Amino acid sequence: MIQDFCKACVLTLKNQGNVLIPVQPTGKIYDLIEFLYRYLCDSSMGNTPIYFMSHVAEQSLAYSNIFAEWLCDSKQALVYAAESPFQHGELLKNGFLKTYPGITSKFNDEFLQPCILFASHPSLRFGEVCHFVDIWKNSPNNSIIFTDSEFNYLDALAPFQPVYANYYYFPIDISLTSAQIYKLLKDPKYFPQIIASNNYRYIPGENQPGVNDHVSKIDAFKFFGKVDLNFYHQNDVIKLSLKRKYENCEIESDLAQILFPKKSMGDTVPFVTFNAQIVSKNNSHVLKAAPRTIPVNRRDRIKESNFKKYPYGKFNLEKFLNVLRQFGLSDAKLIERNTLEDSYLTCLMDKDNQTENGLKHLIEIDANNRIDLDMSSNRINIFCENEDYRVKIKDALLRCLKTL
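Below is a summary of the structure that appears in this document. (Residues numbered from 1 in each chain as written. Predicted model: local features only at pLDDT ≥ 70, side-chain atom pairs only at ≥ 80, totals over all residues. Heavy atoms only, no water.)

## Focus: the overall build of the protein
Here is step 1: The number of helices and strands found in the protein is 14 helices and 17 strands.
Here is step 2: The 404 residues of the protein split such that 35% are buried.
Here is step 3: Pairs at least 24 residues apart make up 65% of the contacts formed inside the protein by residues separated by at least 6 positions. (Helix = DSSP H or I, 4+ residues; strand = E, 2+ residues; numbered from the N terminus. Buried < 20%, exposed > 50% of the residue type's maximum accessible area, 1.4 Å probe, protein only. Contact = heavy atoms within 4.5 Å.)

What follows is the structure, encoded as structure tokens:
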């Protein structure tokens, strides 16, 4: 994006136009001046005058040289070596960069065109930038370049219409380089899905009509097989696969007043169970108290017996076998799967090869009955052909687990 910004500036200067850049008087302007001047030198336009107009312009550039704790390591080293961490210090000394508090007589005497002017404020609602928009908006050779994503550039320009000058929008984030951004985009851990306008699609050897040369293109080949990349045209309908495991949900105060989490024996985190209705609207979710759970007054409490019991906790196989023996199944024992030849049990083993070994257990009750416990999902499945045994197994499992 910084490359596109510099290209737009150079193209405007080659057409004998002026470049107006509405910016905040501190922050990214230090990097913009540095990158822009290097690009101008590479384009043999290093003598182009650069102006910075703000009532705090001089103080802003001066203070940027002493706050080393906000700079990267390389610039911090320059500060500790008593050198200017930014290039604007050298530019000010050599006269390539000039600062003015406003449109003064000194500015009128020194002003040269074509030039690059940084002026406050990016909203175009106050500051000296408003005056220059009025002056330069009628020439198609001039350009207005917006770099601040906080303000909508079309809304900013609305009071000045019609605008015949070129205007560009490059929301520049100086915290990351283009190489770092591409690395992040190609990692599905951070961005599993990318959706971009077809105007940003890179087509080798093809000139795309309607797209200026300063728009960064996305090469789909570089992302192939790494992330889900989709391009769209205007008015297209695209299908998105949203894979989310959890959602944030708010709880209304009426429901929160009747919830009393408590700890069970041996637990460190309190739990509570409740009935509620979820209302989803505009991508936000709210839990509201269900009509039956709202008490008549705050002192009323819903009896714990009205709630369904939910088992939880870590399953202990040895404890489970002991409970089975207490229920009269004295011959219950754990057996190895690889020693079995029964086709039914073999089928049970092969139905899900992706489960972990410790999540499926095979227990022999007697010579004719075996049970299969499958805990590979978020629930416990009991496979047993004897209904009486199945009920006893369920009760034994509940005794081994805690309940909410």
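## What about the pattern of salt bridges?
Here is step 1: Following the criterion strictly, the structure yields three salt bridges and no others.
Here is step 2: Residue Lys98 is joined to Glu110 by a salt bridge in which the shortest nitrogen-to-oxygen separation is 3.9 Å. Residue Lys98 is found in strand E3 (residues 97-100), and its partner Glu110 is found in helix H6 (residues 105-110); the two are separated by twelve residues along the sequence.
Here is step 3: The partly exposed category is assigned to Glu110, whose relative accessible area is 28%. (Salt bridge = Lys/Arg side-chain N within 4 Å of Asp/Glu carboxyl O.)

## Quick word on the sheet that holds strand E11 (residues 284-289)
Here is step 1: On the basis of which strands lie adjacent, the open sheet formed by three strands has the order E9-E11-E10 and mixed pairing. Looking along the sheet, the strands with just one partner apiece sit at the ends: strand E9 (250-251) and strand E10 (276-281).
Here is step 2: Where E9 and E11 come together, two bridges link them in parallel fashion. Bridged to Ile251 within E11 is Leu287. (Pairing = 2+ DSSP bridges.)

## Considering helix H7 (residues 129-136)
Counting along an α-helix, one turn takes 3.6 residues, and residues three or four places apart therefore face a common direction.
Here is step 1: Buried residues of H7: Val129, Cys130, Phe132, Val133 and Trp136, and no others. The arc enclosing the buried residues of H7, seen along the axis, measures out at 165 degrees, which places them on a common side.
Here is step 2: Next to the buried residues of H7 lie strand E1 (19-22), strand E2 (50-53), H6, strand E4 (116-119) and strand E5 (143-146). (Arc of directions from axis to C-beta.)

## Some details on the packing of aromatic side chains
The geometry of an aromatic ring pair comes down to the distance between the two centres and the angle between the two planes.
Here is step 1: Inspection of every chain in the model, using the stated rule, returns 13 aromatic pairs.
Here is step 2: Ring centres of Tyr51 and Tyr100 lie 6.0 Å apart, and the angle between their planes is 55 degrees; this geometry places the pair in the tilted category. Residue Tyr51 is found in strand E2, and its partner Tyr100 is found in strand E3; the two are separated by 49 residues along the sequence. Grouping residues by exposure puts Tyr51 and Tyr100 together as buried.
Here is step 3: With 5.0 Å between their ring centres and 40 degrees between their planes, Phe107 and Phe111 make a pair best called tilted.
Here is step 4: On the basis of relative accessible area, Phe111 is assigned to the partly exposed category, the value being 21%.
Here is step 5: Among the aromatic side chains, those forming a connected cluster through ring pairs are Tyr51, Tyr100, Phe107, Phe111, Phe132 and Trp136.
Here is step 6: Geometry around Phe35 places Arg38 over its ring, the cationic atom sitting 6.0 Å from the centre. (Phe/Tyr/Trp six-rings, centres within 6.5 Å; stacked < 30°, edge-to-face > 60°. Lys NZ or Arg CZ within 6 Å of the ring centre and 35° of its normal.)

## Looking at the nonpolar core
Here is step 1: Phe5, Ile21, Leu36, Leu40, Ile116, Phe118 and Ile145 are the most contacted members of the largest nonpolar core, which totals 32 residues.
Here is step 2: Looking at this core, the elements with two or more residues in it are helix H1 (2-14), E1, helix H2 (29-42), E2, helix H3 (57-63) and E4.
Here is step 3: Among the elements that take part in this core, H2 stands out by supplying seven residues, more than any other.
Here is step 4: In terms of nonpolar packing, the next biggest core, distinct from the first, is built from 21 residues, Cys130, Val133, Ala156 and Leu157 among them. (Core = buried A, V, L, I, M, F, W, Y, C linked by side-chain atoms within 4.5 Å.)

## Thoughts on the environment of Gln193
Here is step 1: Here Gln193 lies in strand E7 (residues 193-197).
Here is step 2: C-alpha of Gln193 to C-alpha of Leu229: the two residues are 36 residues apart in sequence and 5.9 Å apart in space.

## Quick notes on helix H14 (residues 387-400)
Here is step 1: Taking 1.5 Å as the rise per residue, H14 with 14 residues should run 20 Å; its terminal C-alpha atoms sit 20 Å apart, in good agreement.
Here is step 2: When we look at burial in H14, the residues that qualify are Tyr389, Ile393, Ala396, Leu397 and Cys400. End-on, the buried residues of H14 take up no more than an arc of 100 degrees, which puts them together on one face.
Here is step 3: Buried-residue contacts for H14 involve helix H12 (317-326), strand E15 (370-374), strand E16 (381-383) and strand E17 (402-403). (Expected span 1.5 Å × (residues − 1).)

## Brief notes about the sheet that holds E4
Here is step 1: Strand order across the open sheet formed by six strands is E3-E2-E4-E1-E5-E6, with parallel pairing between neighbours. Single-partner strands in this sheet number two, and they are E3 and strand E6 (166-169). The average angle at which neighbouring strand axes cross in this sheet is 20 degrees, direction not considered.
Here is step 2: Running at roughly 145 degrees to E1, H1 makes contact with E1, E4, E5 and E6 of the sheet.
Here is step 3: The strands touched by H2 within the sheet are E2, E3 and E4, with E4 carrying the most contacts at an inclination of about 175 degrees. (Axes fitted to C-alpha atoms, helices over the stretch in contact; angles between N-to-C directions.)

Without other data, these values stay purely geometric and don't point to any function.
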